[in-house]
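Chains, contacts and geometry: an overview
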Amino acid sequence: QVQLVESGGGLVQAGGSLRLSCAASGSIFSINDMGWYRQAAGKQRELVASITSGGRTNYADSVKGRFTISRDNAKNTVYLQMNSLKPEDTAVYYCNAMVQPAPPVRHLEVWGQGTLVTVSS
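In this report, we go over the structure that sits alongside the text. A quick note: this is a predicted structure, and the numbers were derived from the prediction, not measured.

1. Considerations on the nonpolar core
Counting 30 residues, the largest nonpolar core has Trp36, Leu80, Met82 and Tyr93 as its most contacted members. Listing elements by their share of this core, those giving two or more residues are β1 (2–7), β3 (18–26), β4 (30–39), β5 (46–51), β7 (67–72), β8 (77–82), β9 (91–100) and β11 (115–120). Counting residues per element, this core draws most heavily on β9, which supplies five residues.

2. What about the state of the cysteines?
Enumeration over the complete set of coordinates arrives at one disulfide. Each disulfide pairs two cysteine sulfurs, and for cysteine 22 the partner residue is cysteine 95, the sulfurs being separated by 2.1 Å. Classification of the bridge connecting cysteine 22 and cysteine 95 rests on its S-S torsion, roughly -85°, and on that basis the disulfide is left-handed. Of this pair, cysteine 22 sits in strand β3 while cysteine 95 is found in strand β9, placing the two residues 73 residues apart along the sequence. Considered together, cysteine 22 and cysteine 95 belong to a single accessibility category, that of buried residues.

Rules behind the numbers
Residues numbered from 1 in each chain as written. Predicted model: local features only at pLDDT ≥ 70, side-chain atom pairs only at ≥ 80, totals over all residues. Heavy atoms only, no water. Core = buried A, V, L, I, M, F, W, Y, C linked by side-chain atoms within 4.5 Å. Buried < 20%, exposed > 50% of the residue type's maximum accessible area, 1.4 Å probe, protein only. Helix = DSSP H or I, 4+ residues; strand = E, 2+ residues; numbered from the N terminus. Disulfide = S-S within 2.5 Å.

Purely spatial values, then, with no claim about function.
Set out below in structure tokens:
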């Protein structure tokens, strides 16, 4: 059983910053891509940022230059540093990872429970 536990969400004023963390625990042999998604009220879940095990990153156009994704492979943890936050960034943020529990079991997609980020104007 693999779990992703997020932390760091909360209420912040526009222009402020937050840092989200997501730690994977359980039976883990390896982790490939890790990422952050978000879902605003009444909207579909969307990719915010992703990072490969080698550190290659990808960002949604709406957050480029403001958000930074990083990971600590030794700690099985991914981070999302969010700066210059805007009210439109308000959403539930979900952590996602492709985890291999043990070979030869293939990588499985795992989701966190979500953490709410609210940006006030």
